[in-house]
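The lines below spell out each chain.
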Amino acid sequence: LDGSGRLTEQFIGIANIESNDVAEVAKGYERVIRPRFADARFFFDEDLKQGLAAMGEGLKTVTYQAKLGSVADKVARVAALAEAVATQVGAEPADAARAARLAKNDLQSRMVNEFPELQGIAGRHYAVSGGESPEVALAIDEAYQPRFGGDDIALSPLGKVLAIAERADTLAGGFAAGLKPTGNKDPFALRRNALGLARTIIESGFDLDLRALLEQANAALQPRNVQAEVGELYDFILERLRGYYADKGVPAAHFNAVAELKPASLYDFDRRVDAIGTFAALPEAPALAAANKRIANILRKADMQIPGQIDPALLQEEAERALAEAVAAAIDDTGASLHQKDYVSVLARLSRLRPQVDAFFDQVMVNAEDGAVRGNRLALLKRLADRFDAVASLAQL
């Protein structure tokens, strides 16, 4: 590239010989390259005569997958998804649908037929030449990002929308058609698509309801009488995130603490993971995590219906009265932060409950002989656990 980032006529060649005449080697390389360039120029010019929009007609006769119809069928599904996603994330819905309707057209081009690695890239250039907006043209190319492990996600808003819609349809269709990966076999690259979808949502900061997105992608398959199990598909995507967070240095216990809740939004999932990381660094964290695990075990083994409310008149011990007051204050203090999804503030406030929690377990017998007292104490512990579990399952820590 030159100083302005434009391609020059220079190229690099690597030879495994010590040449006495480097110029002759260069000439040999040029003789190889020129015909390829000539072919590419011919394909490019011929494709421009047809135009990107016209190429789409041929997609009706190209089978995407036997149970899922033609590539044109897939394009229609992705366009509807892209329009819906764009509406939710503040992108232009009409542009998203337009980009989706054009994104696969270059599969019918001479250029991509000869140079398959130019899929999307060729489409972007043909879109520009055909008068499409720069945003639509760029999205056609960015829809394929990330193309490989470690690749960047799409940068433009429309590119992100298209990447999400494309992968949601691919995943729903793959599962519906019975193409789930087995062992090392993943012919439709569903694992890579799942991680690409998750990364794009998280790294874009899109607070999308993943289950709702998958439900919409699934519903679009109904005319073909195939369906995916959305819960299974959600779990499959979530499992791809395990390695993603491990690569970022997030302990497995932190991931599990959030995964236990199965948040609808992956961006929300990411914020919870960050909050757990901050909480885990607090000196109070180990004791509170242990207390939450103890509470979870107590509640699980409860042999009675736990009351929905705490009766102050049944609080007999000073330690349980102190804990009840502290929990009530903490719930009042964290309500707004929880609504705003400021999970760091929520856990920081709850961490201040450690003295009262420690005193409760030191001084109070939860399983009192009096059933009403026992139920009241269980209700208190459940109220405390519910507030912690509103962020993550701390018992996993």
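Residues numbered from 1 in each chain as written. Predicted model: local features only at pLDDT ≥ 70, side-chain atom pairs only at ≥ 80, totals over all residues. Heavy atoms only, no water.

(A) Focus on the overall build of the protein chain. Looking only at helices and strands, one finds 18 helices and two strands in the protein chain. The C-alpha atoms of the protein chain give a radius of gyration of 29 Å, which is well past the 21 Å a tight globule of 397 residues would have. Seen through its C-alpha atoms, the protein chain measures out along the principal axes to roughly 95 × 60 × 40 Å. Within the protein chain, the fraction of its 397 residues that count as buried is 45%. Partitioning the intrachain contacts of the protein chain with sequence separation of at least 6 by distance along the chain shows that 67% fall at a separation of at least 24. When the accessible surface of the protein chain is totalled, it reaches about 20,100 Å², and 51% of it is carbon and sulfur. For the protein chain, the separation between the mean place of its 46 positive charges and that of its 56 negative charges on side chains is 3 Å. (Helix = DSSP H or I, 4+ residues; strand = E, 2+ residues; numbered from the N terminus. Rg over C-alpha atoms; globule rule 2.2 N^0.38 Å. Buried < 20%, exposed > 50% of the residue type's maximum accessible area, 1.4 Å probe, protein only. Contact = heavy atoms within 4.5 Å. Areas by Shrake-Rupley, 256 points an atom, 1.4 Å probe, with all protein chains shown as cover. Lys, Arg positive; Asp, Glu negative; His and termini not counted. Charge placed at Lys NZ, Arg CZ, Asp CG, Glu CD.)

(B) Seen up close, the environment of R374. Summarising the element assignment, R374 is placed in helix α18 (residues 371-389). Taking the relative accessible area as the measure of exposure, R374 reaches 18% and is therefore buried. The spacing of R374 and R272 is 102 residues in sequence and 33 Å in space, taken between C-alpha atoms.

(C) View of the packing of helix α15 (residues 318-339) against helix α16 (residues 343-350). Viewed as axis vectors pointing N to C, α15 and α16 meet at an angle of 170°, and their least axial separation amounts to 9 Å. What the angle tells us is that α15 and α16 run roughly antiparallel. Residues A326, A329, A330, D333, T334, S337 and L338 of α15 touch α16, and the partners they reach there are Y343, S345, V346, R349 and L350. Across the contact of α15 with α16, the residue classes tally to seven nonpolar, three polar and two charged. (Axes fitted to C-alpha atoms, helices over the stretch in contact; angles between N-to-C directions. Parallel < 35°, antiparallel > 145°, perpendicular 65-115°, else oblique. Nonpolar A, V, L, I, M, F, W, Y, C, P; charged D, E, K, R; others polar.)

(D) Inspection of unusual backbone geometry at higher detail. With omega at -5°, the peptide bond leading from Q145 into P146 counts as cis. Phi angles above zero are rare outside glycine, and A189 is one such case at about 50°. Inspection of the secondary structure puts A189 in the loop between α8 (157-176) and α9 (190-204). By relative accessible area, A189 is classed as buried at 15%. One non-glycine residue with positive phi stands out, namely K341, at about 60°. Considering the arrangement of structural elements, one finds K341 in the loop between α15 and α16. Among the residues examined, K341 registers a relative accessible area of 26% and is labelled partly exposed.

(E) Quick peek at the packing of aromatic side chains. Scanning all chains against the criterion turns up ten aromatic pairs. For the ring pair F43 and F115, a centre distance of 6.5 Å and an interplane angle of 65° mean the geometry is edge-to-face. Taken as a pair, F43 in helix α1 (residues 22-50) and F115 in the loop between α5 (110-114) and α6 (121-129) lie far apart in primary sequence, 72 residues in all. Measuring from ring centre to ring centre gives 5.2 Å for Y244 and Y245, while their planes differ by 75°; the resulting arrangement is edge-to-face. Per residue, the accessibility class of Y244 equals that of Y245, and both read buried. Through a chain of ring-to-ring contacts, three or more aromatic side chains come together here, namely Y244, Y245, F255 and F269. The ring centre of F236 lies 4.6 Å from the NZ or CZ of R240, which sits over that ring. (Phe/Tyr/Trp six-rings, centres within 6.5 Å; stacked < 30°, edge-to-face > 60°. Lys NZ or Arg CZ within 6 Å of the ring centre and 35° of its normal.)

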